[in-house]
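Residues per chain are reported as follows:
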Amino acid sequence: MRLASTAALEGMPLSNRSGTGDESGLLRDAAERAIAYRATIGERQVGPAEGSLARLQQALGGPLPEQPSDPTAVIAALDRFGSPATVASTGGRFFGFVIGGSLPSTVAANWLATAWDQNTCLLAAAPATTLIEQIALEWLIEVLDLPRAAGGAFVTGCQMANFTALAAARHTLLARLGWDVEARGLFGAPPLPVIVGEDAHSTIFKALALLGLGRDRVLRVPIDAEGRMRADALPDIDGPAIVCMQAGNVNSGAFDPAGEIVAWARARNAWVHVDGAFGLWARAAARRAHLARGCEGADSWATDAHKWLNVPYDCGVALVRDPATLKGVMGTQAAYLQESPVREAMNYTPELSRRARGVEVWAALRTLGREGVAELVERCCRHAARFAQGLREAGVEVLNEVTLNQVLVSFGDDARTRRVVERIQADGTCWCSGTQWRGRAAMRISVSSHATTEADVEASLAAMLRIAAAT
Ligand SMILES: *Cc1c(COP(=O)(O)O)cnc(C)c1O
């Protein structure tokens, strides 16, 4: 095993053999490999190359090496065996899940910030990135048109953003009932009802489980045909409660009726949390903003920058109307952690040590500007509408109202739909994932990358129809 993997390393063309001492040669080589990867992404099949996973296992696995290796050879092996086994989600024809691409400026900013290697937990350890994250957070709040006094935290993704925001909700509501949950835990605490829509995202349930609020003790509100919570079916409760609404159903892209939910909550002292991983970005585009109208009245919001803002993985954002509620739960004190008067990230995030995720957000917002963000969101929505139109014209059933970037498609019975999805993935022109929608198998098309062009959409549409016709 060890011999095989050593041989694989030796056979490799090395653009630079300057050895372990030459850091700049190594970094330049890696940058060139990365540039070549991205430059050719549109020419390769979207899924991993045939046999590439087995080759990766063989070449990069085996026993833990006893001896050091030349870093340039290590990076060459990573490129040779890693790159072909990736999915081309940075390209223009990947429509799986809701992944989003990565803007060139954000990849470049990521490289620089990685080179800085700043532990962005507090100003003393990371002055530049602490300040850049503060700016990025303020710009995000502005571009999403949320209350300007809101605060928040950069976390790994919307899963942790839901967790972080709901921790602030738990802290605040139990404090109102005279219970210090951070000090005393949940044993003996007053009950805290949690209300979710029937089609809430799986990450809401995991967040509730992590917070001791329970996956299964939630009150589930019935939904309509698009997966929207029915405001007329909200439970008749009084007193502190958390209601988790959704801006952008992960399948249909539909929005819970925020205005009605917020009004209902205000009358009952409830905390409204919005899971808006991608849907909240509708607020950044004038023609889509009406979809998420009313969300500004919520108490907390969770969203992603690695989805629609197209920054590299990973980057989510937790936002709260009153920053003190988040600090109440995430505040960190230790004699050796020297605090300053600025916003210290460690007081708002679940993590202590962390990378500077906000730097890429700053780079995205600075390069795109408000108009560029609006245009990115709008363009993805237009592409989704074109997919829906092209499929419908060819007699293919579109299952959802396509108002945002999500299209749900059936190719007939469930078995046929699943077969078409498999064949589309294997064909490699584009990549879509499967799902289950209202009891039926469906294909999901999620358009969330700046890299997708009209030509990508037409080529993908043609491939879908060709494959469907032959299945
Ligand atoms: C993607 C998504 C999440 C989870 O976000 P991660 O960034 O994967 O943690 C949560 N809610 C919705 C609606 C999503 O689409």
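Structure: above.
Residues numbered from 1 in each chain as written. Predicted model: local features only at pLDDT ≥ 70, side-chain atom pairs only at ≥ 80, totals over all residues. Heavy atoms only, no water.

Undergrad: Just to check I follow, could you spell out the environment of D414 for this structure?
TA: Mapped onto the elements, D414 comes out in helix α13 (residues 414-427). Under the relative-accessibility criterion, D414 is labelled partly exposed at 24%. Along the primary structure D414 and P84 are separated by 330 residues, whereas in three dimensions their C-alpha atoms are 31 Å apart. Only 3.1 Å separates the side chain of D414 from the backbone nitrogen of A441, close enough to count as a polar contact. (Helix = DSSP H or I, 4+ residues; strand = E, 2+ residues; numbered from the N terminus. Buried < 20%, exposed > 50% of the residue type's maximum accessible area, 1.4 Å probe, protein only. Polar contact = N/O pair within 3.5 Å; in protein donor to acceptor, adjacent residues only side chain to side chain.)

Undergrad: Is there a simple way to think about the nonpolar core in this case?
TA: The tendency in soluble globular proteins is for nonpolar side chains to be buried side by side. In this structure, I242, W281, V361 and I445 are the most contacted members of the largest nonpolar core, which totals 116 residues. At 13 residues, helix α12 (residues 358-393) tops the list of elements feeding residues into this core. Once residues within four sequence positions are removed from consideration, W281 is found in contact with L140, V143, L144, T303, D304, W308, L309, V373 and V377. A109, A113, I132 and V359 belong to the second-largest nonpolar core, a separate cluster that totals six residues. (Core = buried A, V, L, I, M, F, W, Y, C linked by side-chain atoms within 4.5 Å. Contact = heavy atoms within 4.5 Å.)

Undergrad: Looking at this structure, I do not really get unusual backbone geometry. What am I missing?
TA: Peptide bonds are trans in most cases, and residues, glycine excluded, mostly fall at negative phi. Of note, the bond from Y313 into D314 is cis; its omega dihedral lies within 30 degrees of zero at -5°. Structurally, D314 is set in the loop between β6 (300-304) and β7 (316-320). Of note in the backbone geometry, D117 takes a positive phi value of approximately 50° without being a glycine. With respect to the helices and strands, the residue D117 is situated in the loop between α5 (104-116) and α6 (127-143). For N310, which is not a glycine, the phi torsion comes out positive at approximately 60°. Along the chain, N310 turns up in the loop between β6 and β7. You can call N310 buried: its relative accessible area is 0%.

Undergrad: Whenever I open this one, the pattern of salt bridges confuses me. Can you help?
TA: Opposite charge on two side chains lets them pair, provided their charged atoms get close. Applying the stated criterion across every chain yields a total of 21 salt bridges. E133 is the salt-bridge partner of R354, the closest N and O atoms lying 2.9 Å from each other. Here the residue R354 occupies a position in the loop between α11 (323-330) and α12, and E133 occupies one in helix α6, the gap between them amounting to 221 residues. The two residues R354 and E133 agree in class, both being buried. Taking the shortest distance from any N to any O, the salt bridge between R386 and E458 comes out at 2.7 Å. Taken together, the residues R386 in helix α12 and E458 in helix α14 (residues 454-469) connect sequence positions 72 residues apart. Classification of E458 as partly exposed rests on a relative accessible area of 35%. Salt bridges here are not isolated pairs; linked through shared partners, they connect D314, R355, R357 and E360. (Salt bridge = Lys/Arg side-chain N within 4 Å of Asp/Glu carboxyl O.)

Undergrad: Quick question: what am I supposed to make of the packing of aromatic side chains here?
TA: Each aromatic ring pair is characterised by the separation of its centres together with the angle its planes make. Counting across every chain of the model gives four aromatic pairs. Ring geometry for F94 versus W431: centroids 5.3 Å apart, planes at 15°, classification stacked. Residue F94 is located in the loop between α4 (71-82) and α5, and its partner W431 is located in the loop between α13 and β10 (433-437); the two are separated by 337 residues in the primary sequence. When its relative accessible area of 7% is taken as the criterion, F94 is described as buried. Among the aromatic residues, ring-to-ring pairing joins F94, F97 and W431 into one connected group. (Phe/Tyr/Trp six-rings, centres within 6.5 Å; stacked < 30°, edge-to-face > 60°.)

Undergrad: Would you mind showing me how to read the environment of A442 here?
TA: Checked against the element boundaries, A442 lands in strand β11 (residues 440-446). When its relative accessible area of 2% is taken as the criterion, A442 is described as buried. Between the C-alpha atom of A442 and that of V155, which follows or precedes it by 287 residues, the distance is 31 Å. With sequence-adjacent residues up to four places away left out, A442 is seen in contact with L399, V409, T417, S433, G434, T435 and W437.

Undergrad: Quick question: what am I supposed to make of the sheet that holds strand β5 (residues 271-275) here?
TA: Each strand in a sheet pairs with its neighbour through backbone hydrogen bonds, running either in the same direction (parallel) or in the opposite one (antiparallel). Overall, mixed pairing links the seven strands, which are arranged β1-β7-β6-β5-β4-β2-β3 in an open sheet. Two strands bound the open sheet, and with one partner strand each, they are β1 (151-155) and β3 (219-221). Each neighbouring strand pair of the sheet contributes to a mean axis angle of 20°, computed without reference to strand direction. By the bridge criterion, five bridges tie strand β4 (residues 242-246) to β5 in an arrangement that is parallel. Bridge assignment links Q246 to a residue of β5, and that residue is D275. (Pairing = 2+ DSSP bridges. Axes fitted to C-alpha atoms, helices over the stretch in contact; angles between N-to-C directions.)

Undergrad: How should I be thinking about the sheet that holds strand β9 (residues 406-410) in this particular structure?
TA: Here we have four strands laid out as an open sheet, ordered β8-β9-β11-β10, and antiparallel in their pairing. Of all the strands in the sheet, just β8 (397-398) and β10 have a single pairing partner and so form its edges. In this sheet, β11 lies alongside β9 in antiparallel orientation, the contact comprising four bridges. Looking at the pairing, V409 lines up with M443 of β11.

Undergrad: Can you help me understand the site of the ligand in this one?
TA: For the ligand, the set of nearby residues contains 13 residues, the closest of which are Q159, D275, D304, H306 and K307. With respect to the ligand, the side chain of D304 contributes an N or O atom lying 2.7 Å from an oxygen atom. One nitrogen or oxygen atom from the side chain of K307 is found 2.9 Å from an oxygen atom belonging to the ligand. The protein chains hide 84% of the 380 Å² of surface that the ligand would expose on its own. The site holding the ligand turns out to be the largest cavity. Counted by class, the shell around the ligand contains four nonpolar, six polar and three charged residues. (Near = heavy atom within 4 Å. Areas by Shrake-Rupley, 256 points an atom, 1.4 Å probe, with all protein chains shown as cover. 1 Å grid on protein atoms, 1.4 Å probe; cavity = no way out; pocket = protein on both sides within 12 Å on 5 of 7 lines; lining within 4 Å. Sits in = over half its atoms within 2 Å of the grid points. Nonpolar A, V, L, I, M, F, W, Y, C, P; charged D, E, K, R; others polar.)

Undergrad: Can you help me understand helix α7 (residues 158-176) in this one?
TA: In an α-helix, one full turn covers 3.6 residues, which means residues spaced three or four apart are oriented alike. For α7, with 19 residues, the first-to-last C-alpha span of 27 Å sits near the 27 Å given by 1.5 Å per residue. Counting buried positions along α7 gives 16 out of 19 residues, so the element sits mostly inside the fold. Remark: G178 follows α7 within two positions and exhibits a positive phi of approximately 85°. (Expected span 1.5 Å × (residues − 1).)

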